[in-house]
Structures are given as C-alpha cells and as structure tokens.
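The chain contents come next:
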Amino acid sequence: MVLGKRRRFICDEEEYNIMRKIFKVTLEKDSTLEEESDENVDKHKLCRDYMVEVLKDRLSGLCDGNSEAEQPLPYLIGCYLRANGEEEENQIKLAIGMGFNYTQCCALNTISRQAKELIVSHSLMHLVDSVRLHNRDKDYDASLFLKTHGETNFRESYLLPLLYSKVCGKPFGGFHCPQGFLEQFIKDSDYDSLKLVLTPLYHDLRSKVAVEDLRPGNFEEPLKGLTYLVKTPICAKVLVNHPRWIPKVTDGIEFERLSILGGFFNVSLIPDERLSEKNEWCPRKVISCRLLTRRTNAKSSFSKEVRALTKILHDGLEEVLLSLLRNCETQENVFEYLSEIIRQNSSVTNIQVDPNCGSSGMFVNLSAVMLLLCKKFIDKDLTKRSEIDGTYLFCNPHLDVSDLTTVHASSKEVVAWISEFRKSDGSDLLSNSSEEATSSGSNVGLVSVLSTEKLTNSRGKTRYTIGCKFFFMTARVLHMGLVKSLSELLHLHRKLALNKNILPTLNALLGNAPFPQPEQDMEHLPFGVKKDWQKFCCYLSQILQDKALLKDALSFYRLMVVWLVSLVGGFKMPLPSSCPIEFACVPEHLVEDAIEVLIAVFTYSESLADVIPEMDEFLKFIIMFVASPNYIRNSYIRQRMVELLDLCIRNRRCSSSAITILEGSQLCVEFLVRNLLELYAGKEFIGSPNKLQFRKSILEVLDCLWEIPSHREIAEEDTGFYVVFLNAVISENIKLLDNDFHRILEETEDEMSSIEDMELVRFLQMQESALIFQFDKGMIGGSISYVIASVAMLAFTSKQIIVPFLLPHMVDIVVTMLNCFLLHLLSLHKRYCIPGRSMKCAHCVVILLKQIVSIYVHLARGDSEEIFAAAISKNSQSYNEQMFIDVARVLHEDSLVPEFIELGTRVNDAALKAIETETSLGEIPNEFLDPIEFKLMADPVILPSTKSVDRAVIQRHLLNYNTDPFNGLPLTQEILIPNVELKAKIERFIISKQSQE
C-alpha cells in the first residue's frame, strides 16, 4: 500500500525500511525534503510523529481510495508481530557482525519499540471505541481515523482470541498473540479504558464455560485466561468491580449462574436437576456413570481423566483467588464474594433444601479451592493456630452466625460475652438500642451485636489476620459444600443398599471387587432408582475418588480440633467445671462437621485406605467431650463421636495405631472407659430413636478396650461405674427378651434365607469370630445386632471382671437375664431345628446359647461362696432343672458343657438347701420382710422416710431411680442408715429357728 507525502520526515534507509516492513506501506519520498537537515531536530520524535500519521492514514482507509483495507485489530496485531521480528533480526545481525554496530542496532530497535507503543495505544483506542459503539454511547463521537467495518454489532471481545492464543501458546481463532503485546497493552492502559475493554472480556470468559460439566475443552482456556489476567493488579481491580462480580440477585442459583466465577465453580460431574430440562441427565453424566460401573480399563481411564480435569479446575481457581487475595486492593472483594455466596445459600444445609440455592457441584468445588488456599497456613505442627480468634465469628461483616446453634451458649450469653469483649479490647461500644436488646435477652440483641462491620482494637488496626478470616470462611463453606455432599452420598448409599438388584454392584464399586455384571447399564431399574444410582456414581467420582480433597479436609479439621481444645486449656482432663465462654459460643457445626467427615472416610475405608489420618488428636478430642453435655449440649453429636470411635477401632487399617494411642495415652487410660460407661448408663439417650445402635457402638468399643489391661483395671478398681453400666446392659436385654426377641428372629428368617449357600459359610464364620449380626431393617436389625453385641461383651467381661456380677444387688437381675435367655433360646432352637425350616436362624440361636453358657461358667468359676448358684435356684419364674439338661444336649460338643452341667448340680443342691431353710424358718414376722419384695432381709437399712428395707433391694432400685420408693424424695446410697438393731433381731430369729431342728 502506498501512502502519499503527508509531512516532512528525516530518516536513513534502514529506518525507512523498518517502518515500511512494520506497517506494510510504501512511503513516497520528497527528494527536496530529504536533503534538508537540521541537527536540532529530534529524529526519533519526527519518526514517531510520522508513524502516527502513517497509522492514521492506514487505519482510516485513506489509502489511495482503497476501501478494502484489512480490519484494524488484525492489522495492528500483525504490525506488532512484524516489529518483534525486526528487533529479533537486528539482534541476529549484530551477533554475526554484518557491518552492523551496537549504536545502529539501538537506533533501529528504538524505532521498533516506538512503533509497538503506537500499535498498542491505537489497539486500545480501537477496542475502547468498539465497546462504546456497541453500547450506543450517546456522548461518544467516533474518531475519524478509526474504521470499524461493521464491528458495531460485535458480541465477543476482540481480546478473547488473543488471550486464548497467549495462554495456550498457539494461534487461536485466526489470531496469534505476539510476544509482549498483552503485557504492554495492560501496562500502557489507564484504568478507565481498561475497564471498558476487559468488562466484556470477563463476561466472554464466563460465557465460554457453556456446559456445567467436567469435560475436556470446556473450561481450560477460559480459566487459563482468567488466571493470566488477575495476576496483574489493574486487571484484578477491573474484575472485582465488574457488575457480575457480585450480581444483584436474590437467590443462590441465580448468583451462581450470573457471577463471573460462578460458571467456573459450577463445572462438575455432580448433576443439578434444576439446570436440566425435563429432569433429564446430561448425556456426559450418564456416560460417566456407565463407565464407573464397568470392570474394563475404561473405568480406570475415565477416573484418571476426571481426576486430571478436577485438578486443573481446582488449581486454576485457587490461583485466581490467591492472586486476588495477595492484592491489597482486591483482597476485601474476595471476602465479600464468599460472604455473598454464603448469604445467598444459607438454607442449603437445611433438611429440606431451598430449590433456589446453588448447586452441590459448585459448593464441592468451592470447598476444594478453599482447602487448597488454607494449606498456605496449615503446617504439620499447626504453628499458626494461635492466629485463629473465635471472636471473629461475631465481629465481622462477612459471616452472619446469628442463626447458628452454638455448642452450649444461649444467644443471651453470646451477646453478653461479645459486649464485654469489646469493652475490654478498647473497641467501639454497642449502641443504646443494642444494649437495650441485650439486657432483655432477645434475639434482636444478638443480631445487633453481630451487625458491626469491623472490630478494631484501641489503636484502630484490624485485629484479625487473613488466615483467621479464611479459616472460618472455609469452615462455613465446607459445612455447606463437602459435608453436605458427603451426607447426601451416605443417604443415597443407604437407599440403594435396600435394592437387592443393585446391592452386589454397589458393594463391588466401593470395594474394588469384580463386578457381577461387567457391562451392566442398570437399564432394567426403575427410573427413580436409576437416577439415584447415576447420582451416587457422580458423587463417588467427584468426591470419594478425590483423595487429595479428603486429605486436605482432614488436615483442616485436625487444625479445627486442636484449636477447639486450646479453648478449654489443651488436651487434659478433667475439664474445667464450667464451660469457657469462648468454647461455648462456637457454632456446633464446627464440631459436627469434623466428626461427619471422619465417619464418611471410615465408612468407605476400603477405597480410602491411604486417606485415613493420624487419629491422635481426634481420639483425644472424642474422649474429652463424648460424655460432657456441659460442653457439647447436642447429644446427637456425642452419639456420632461414639460411632466414629467404634469405626476407628474396628477398622483394620487404623486399629493398630488407634490401639497404640489408647494404650499409651494417659488421658485415654484414665477417662475413656469411665466416660463410655457413664454415657451408656445415662438417661440422656433413653428416648433417642438410635439408642440401640448408639449403645451397640459403645459395647463394641468396650469390647476392644477390655483387651487392654490398663483399661480393664479401671472397671475392676472402680466397680461403682461398672455396676451401673452392667445394670443398664442387663435391663436392656431383659426388655428386648420380653418384647421383641421372638418377633426379631421370626422376621429375620426371611432376610437370612436370601443369603446364598456359598455366602453362608463366610457368614457363619463371621458370627463365630466377631459375633456381629447386623441387618438394615430398622429396629429389627438394630435389636438383634445389639443383643449379640451385648451378650458377647458380657461373655468376655464375666471372665475378667467377676465381682460386679455377684454383688448382692446385682446377682438376681443377672440370673434373671441369663435364665430368660436360656428359656427363649431353647424354645427358638426347637422351632428352627425341624425339617424344612431355615438352619441359619438356628445357627444364630446356637451362637447365642454358647455365649450365655460361657457367662454361666465364668461366674460359676469365681463363685466360691455359692452366691451365684443360690440366686439361680431362687429364681422361680425362669429356673427349672430341665433347662440345664436341654442346653447340654444342644451344645453337647462344646468344651464348656461339663462345667455347665456341674453348675446345674450345684444349683440343684442350692435349691434343696433353700427349701430346707425356708421350711425351718416357718412363718417369718412381717417386720423382718422387705416391704418391696417381701423377702427376708439380710442387711436392713433405714430410709429417710423411716422405712426399713433390704440394702440389696434398695441399691438395685437406685440403679434405675434416684428417689425414695415410698415418698418420691431424692435418695442416694450415702444417706442410707444401717438398721443394726433390726439386723440383730433377724439373726437371732434365724438362729433360734435353726436350733429347734
């Protein structure tokens, strides 16, 4: 293209050639002008001015009437690329010495650099004007030098393909981004111009993530582009001031859909039915589910692909947020963004989730990214835990915890604490209205206190570190994201496990076993079950197979546990008599979430073996608070602690390290057994629907602890605790025997008949070794499971800890339970040991019989005074001589049968002796009879109501009730007064009757 003589310029041949090559023009020279020379003229300035005129002519299309000129931006990009080429060529010429000196090289490179500066400035002007024209800015007067060629209708930023080319390192959409162009473009731009240009670009990056699905090519380029931009402070500033950084919407799903980062966080395998038409699944997700349930290499390769894509997504989003957090101008905007997500989706943790909340996939991704950022201040030794300050929860503009339940404090106590804290810290005092609300104890007071925008100390500096802020933000996001999704995963698992057609595949999927149907597509399942199955597979792939995510979560909750314990003085017991207010005001979900994540990990331990953490701090935390309602008021959380302890100890991959901790920690040795015994016997959980499962978990933990001498000695030394516990176990068993036991085994017969013959051997072996027989049918399964666990525990402890069983106030209820068990089991054995009936329930009966017989034998071995034999013989309601004979016949091959038969003989002797004694005593005076059971008193005591009762009878009563049976007033063993006079009379009466024989 030829440009006419527009103005005077002075340059040598080399400079002329450079401008000609860069701008792709031919310059007509005026020889008269060429000869003019003025040493005072700045040749570089003149060249620059001339290049401005060249660009003006070239871009305005005034090129000898040529109306088919190249579009502006592609032309300018080409100019910049050629300018780079000229610089490289000059450097090569200088290096090889082609008659080219350093001064000449610098002069020519100066021309190239000037050209690039002009190219960048004109590119900016072009883009700014294009945006303004597109927005129909009435105040804008388009420049005459800029020809848009129909670009007023553009819908996509011209910078997008340039940005993609830059971050991908290859041409994109016909553009190749020259080295240094974007850097110089951003560096030379002012904020207002850059805002005009980048605002549509950020929107384009969001809109390019068109499908909220984890697939290659869906999000990588937009995410790389976003990451590149936010590393520059001015671009980061434009992003956080974008109208869609925090969209002005009223619900979480719209916020997720419209916000710039929302589209990236929504990329997930986890389906969201609200984003699909007619509740149909995204085809990619259906394919994903099928791949997950196949035994071929496709499953492995797909899982690796998911992991790789997830890592790219999470690492990229981490880099974006980290860049914004490192920039002091945008750091606060990140917290505002996170705060808005939390606020808009506050109801996502409800049992009935608001349909307007954000998607599960978005929250899982956000959880993963927050955990990655938290790793910056979570080291192995947790040295930065001192930065965590619980007052931040109540004194910040970002987190509203006014509706959250605390572990123990009431809203009035929280308000009083925060008010006192602000006064002592030198912070601004509460307003009068807040003080009035506080004094009245209303919830308005709590909201008023928490509405303060920022807490500062007396010097006016912000009190909280970024680590502290991010710690509590992460805890809240995890509660709404990862923890909620794990709960949904467990819920789906339980639903699917009820379907016998899908159960084998489900177990194989979780245990890495061969699939029963290698190419199973689940097409035969009902639509609802199929949807649950597909959703479960998506959760499985997105969460359970992301071991890095789970490890980061467990590291975070380890820090959480250590921080919580620091609020009560560290890992030591006993705990302070009153709960410190700092601990009492902590939201209870911080404790519950840590327990729930660990339970999920242990539930799926077969596939998460390398995720299981060191349990030292977690176990000590459980021991400290599991039996402390004055610290953690919610009994459900403490129930879950017991379940976690049970899972941990029974897990073969963790049991050895857990046992090491339980044996070596003085805290564990001194308090764990006591706390568990107290928790089992306590009345707090009597009305709980999960009482049996809870008590069964305690029994299983104790079953392991009794193997450790130091823990067994605690029960032997402090029989008071153990007697109360033993009474609770026996009472529960007697209740089940009376109400449920026949119904239990009758209804489980059909359940057991579904077990294949090959599985039966393995099933029976399991019962013999572990005595765990568990079904998933509500109360029935829980009852039979509890019975077997409790009998197994009694069988073991009766051998090791005999004394409590033979105490005067315990031996009668022990005998009642054992005799009732024998009668019920013998009856059931006769029913199931006939042709045509299931032998599986009969085997279960035999297992229980063996355990009951072992308890009889163990107690008989330690019964040197014949207390146990006498108690059996006196139990007229459940004892008969034939009972021992029938049991011996059923268990004729058992090694304990000879001792059991010998016990029967001793019982017969005791029965004869009791008959003789009763006959010799004749009619017993009423004053010698216990007024409750009407038996001859052995050790009478006086109650506050002046009644005299037998000590064993009243002690047995006090195991269940703490009141006087005659007037209902409070009663304890300490206030019982021995009736020495009455006891002497009874002894004289017995002697006199015996002497008459």
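Residues numbered from 1 in each chain as written. Predicted model: local features only at pLDDT ≥ 70, side-chain atom pairs only at ≥ 80, totals over all residues. Heavy atoms only, no water.

**Here's the deal with the overall build of the protein**
At step 1: When helices and strands are tallied, the protein shows 43 helices and five strands.
At step 2: Counting the 997 residues in the protein, one finds 54% classified as buried.
At step 3: Restricting to contacts in the protein with at least 6 residues of sequence separation, those with at least 24 account for 75%. (Helix = DSSP H or I, 4+ residues; strand = E, 2+ residues; numbered from the N terminus. Buried < 20%, exposed > 50% of the residue type's maximum accessible area, 1.4 Å probe, protein only. Contact = heavy atoms within 4.5 Å.)

**Thoughts on the packing of helix H24 (residues 547-566) against helix H27 (residues 616-625)**
To describe two helices that pack against each other, one gives the angle between their axes and the distance between the axes.
At step 1: Taken N-terminus to C-terminus, the directions of H24 and H27 make an angle of 40°; their axes are 10 Å apart at the nearest point. By the angle between their directions, the pair H24 and H27 is classed as oblique. The way H24 lies across H27 gives a crossing that is left-handed. Residues Leu-554, Tyr-557, Arg-558, Val-561, Val-562, Leu-564 and Val-565 of H24 form the contact with H27, whose participating residues are Glu-617, Phe-618, Phe-621, Met-624 and Phe-625.
At step 2: Classifying every residue of the contact of H24 with H27 gives ten nonpolar, no polar and two charged. (Axes fitted to C-alpha atoms, helices over the stretch in contact; angles between N-to-C directions. Parallel < 35°, antiparallel > 145°, perpendicular 65-115°, else oblique. Left-handed = near helix turned anticlockwise from the far one by under 90°. Nonpolar A, V, L, I, M, F, W, Y, C, P; charged D, E, K, R; others polar.)

**As for the packing of aromatic side chains**
At step 1: Taken as a whole and judged by the stated rule, the model has 26 aromatic pairs.
At step 2: Ring plane angle 75° and centroid distance 5.0 Å describe the contact between Tyr-680 and Phe-725, whose orientation is recorded as edge-to-face. Of this pair, Tyr-680 sits in helix H30 (residues 666-681) while Phe-725 is found in helix H33 (residues 719-739), placing the two residues 45 residues apart along the sequence. Pair check on accessibility: Tyr-680 and Phe-725 agree, each one buried. (Phe/Tyr/Trp six-rings, centres within 6.5 Å; stacked < 30°, edge-to-face > 60°.)

**Overview of the nonpolar core**
At step 1: Of all hydrophobic cores here, the largest spans 274 residues; its most connected members are Phe-23 and Phe-625.
At step 2: For this core, the element with the highest residue contribution is H24, accounting for 13 residues.
At step 3: With residues up to four places along the chain from it excluded, the contact list for Phe-625 reads Val-565, Val-568, Leu-575, Phe-583, Tyr-631, Ile-632, Arg-638 and Met-641.
At step 4: Core analysis: the next-biggest nonpolar cluster, separate from the first, contains seven residues, Val-941, Leu-943, Val-949 and Leu-976 among them. (Core = buried A, V, L, I, M, F, W, Y, C linked by side-chain atoms within 4.5 Å.)

**Thoughts on the environment of Ala-984**
At step 1: Mapped onto the elements of the fold, Ala-984 is located in helix H43 (residues 980-995).
At step 2: In sequence terms Ala-984 and Asp-939 are 45 residues apart; their C-alpha atoms lie 9.7 Å from each other.

**A short note on the sheet that holds strand E4 (residues 948-950)**
The pairing of strands in a sheet comes from backbone hydrogen bonds and takes either a parallel or an antiparallel form.
At step 1: Across the sheet, which stays open at both edges, the three strands sit in the order E4-E3-E5 with antiparallel pairing between neighbours. Across the chains shown, the open sheet's two edge strands, defined by having one partner strand only, are E4 and strand E5 (977-978).
At step 2: Here strand E3 (residues 940-942) runs beside E4; their pairing, made up of three bridges, is antiparallel. For Ile-942, the partnering residue across the bridge sits in E4 and is Ser-948. (Pairing = 2+ DSSP bridges.)

**Things to note about the layout of surface pockets**
At step 1: Its boundaries defined by the atoms lining it, the second largest pocket holds a volume of some 2000 Å³.
At step 2: When residues of the lining of the second largest pocket are traced back to their parent elements, those giving at least two are helix H37 (811-832), helix H39 (867-874), helix H41 (897-921), helix H42 (951-958) and H43.
At step 3: Sorting elements by how many residues they give to the lining of the second largest pocket places H41 first, with ten residues.
At step 4: Looking at side-chain class alone, the lining of the second largest pocket contains 23 nonpolar, nine polar and 16 charged residues. (1 Å grid on protein atoms, 1.4 Å probe; cavity = no way out; pocket = protein on both sides within 12 Å on 5 of 7 lines; lining within 4 Å. Points joined across faces, edges and corners; volume = space filled by probe spheres on them.)

**With respect to the packing of helix H6 (residues 159-168) against helix H8 (residues 191-208)**
At step 1: Across the interface, H6 lies against H8 with an axial gap of 10 Å and an inter-helix angle of 65°. With respect to each other, H6 and H8 are oriented roughly perpendicular. Crossing geometry of H6 relative to H8 is assigned as right-handed. Contacts between H6 and H8 involve Leu-159, Leu-160, Leu-163 and Tyr-164 from the former and Val-197, Leu-198, Leu-201, Asp-204, Leu-205 and Lys-208 from the latter.

**Observations regarding the pattern of salt bridges**
At step 1: In this structure the tally under the stated criterion is 22 salt bridges.
At step 2: With its nearest N and O atoms 2.7 Å apart, the salt bridge here joins Arg-640 to Glu-596. With Arg-640 in helix H28 (residues 635-650) and Glu-596 in helix H26 (residues 588-603), the pair connects residues that are 44 residues apart, well separated along the chain. No difference in accessibility class separates Arg-640 from Glu-596, as the two residues are buried.
At step 3: A salt bridge links Arg-951 to Asp-939, with the shortest nitrogen-to-oxygen separation between them at 2.7 Å. Here Arg-951, found in helix H42, pairs with Asp-939, found in the loop between H41 and E3; they are twelve residues apart in sequence, far enough to count as distant.
At step 4: Accessibility expressed as a relative area gives 22% for Arg-951, which makes it partly exposed.
At step 5: Among the ionic contacts, a cluster of salt bridges with common partners joins Glu-596, Arg-640 and Glu-643. (Salt bridge = Lys/Arg side-chain N within 4 Å of Asp/Glu carboxyl O.)

**Overview of the side chain of Ser-798**
At step 1: Locating Ser-798 in the fold gives a position in helix H36 (residues 778-800).
At step 2: Given the relative accessible area of 0%, Ser-798 is considered buried.
At step 3: Not counting residues up to four positions away in its chain, the partners in contact with Ser-798 are Phe-805, Ser-854, Ile-855, His-858 and Leu-859.

**Quick word on helix H15 (residues 331-344)**
At step 1: Its 14 residues place the ends of H15 20 Å apart at the C-alpha level, agreeing with the 20 Å of an ideal helix rising 1.5 Å per residue.
At step 2: By the burial criterion, the buried members of H15 are Asn-333, Val-334, Phe-335, Tyr-337, Leu-338, Ser-339, Glu-340, Ile-341, Ile-342 and Gln-344. (Expected span 1.5 Å × (residues − 1).)

**Points about the confidence of the model for the protein**
At step 1: Overall, the predicted model of the protein reaches an average pLDDT of 76, with 75% of residues at or above 70.
At step 2: Low confidence marks residues 137-155, where pLDDT is under 50. Its contacts with residues over four positions away, or in another chain, come to 37 contacts.
At step 3: Taken as a whole, residues 512-519 scores under 50 in pLDDT and shows 21 contacts with residues more than four places along the chain or in a different chain. (pLDDT = per-residue confidence, 0-100.)

**Details of unusual backbone geometry**
At step 1: Cis peptide bonds are those with omega within 30 degrees of zero, and the linkage from Met-573 to Pro-574 qualifies with 5°.
At step 2: Relative to the helices and strands, Pro-574 resides in the loop between H24 and helix H25 (581-584).
At step 3: Here the phi dihedral of Phe-934 falls at roughly 55°; this positive angle occurs in a residue that is not glycine.
At step 4: For Phe-934, the position within the fold is in the loop between H41 and E3.

**What about the side chain of Ser-189?**
At step 1: Secondary-structure assignment places Ser-189 in the loop between helix H7 (181-187) and H8.
At step 2: The contacts of Ser-189, once residues within four sequence positions are left out, are Leu-124, Leu-194 and Ile-234.

**Some remarks on the environment of Glu-413**
At step 1: Following the sequence through the fold, Glu-413 ends up in helix H17 (residues 411-425).
At step 2: Taking relative accessible area as the criterion, Glu-413 reaches 41% and is therefore assigned partly exposed.
At step 3: For the pair Glu-413 and Ala-584, spaced 171 residues apart in sequence, the C-alpha separation works out to 9.0 Å.
At step 4: Leaving out residues up to four positions away in the same chain, Glu-413 has contacts with His-408 and Ile-581.
At step 5: At 2.8 Å, the side chain of Glu-413 forms a polar contact with the backbone nitrogen of Ser-410. (Polar contact = N/O pair within 3.5 Å; in protein donor to acceptor, adjacent residues only side chain to side chain.)

**Some words on the environment of Tyr-557**
At step 1: Relative to the helices and strands, Tyr-557 is located in helix H24.
At step 2: The buried category is assigned to Tyr-557, whose relative accessible area is 2%.
At step 3: With 34 residues separating them in the primary sequence, Tyr-557 and Val-591 have C-alpha atoms 8.8 Å apart.
At step 4: Tyr-557 has contacts with Leu-478, Val-483, Leu-590, Asp-593, Ala-594, Val-597 and Phe-618, leaving out every residue within four places of it along the chain.

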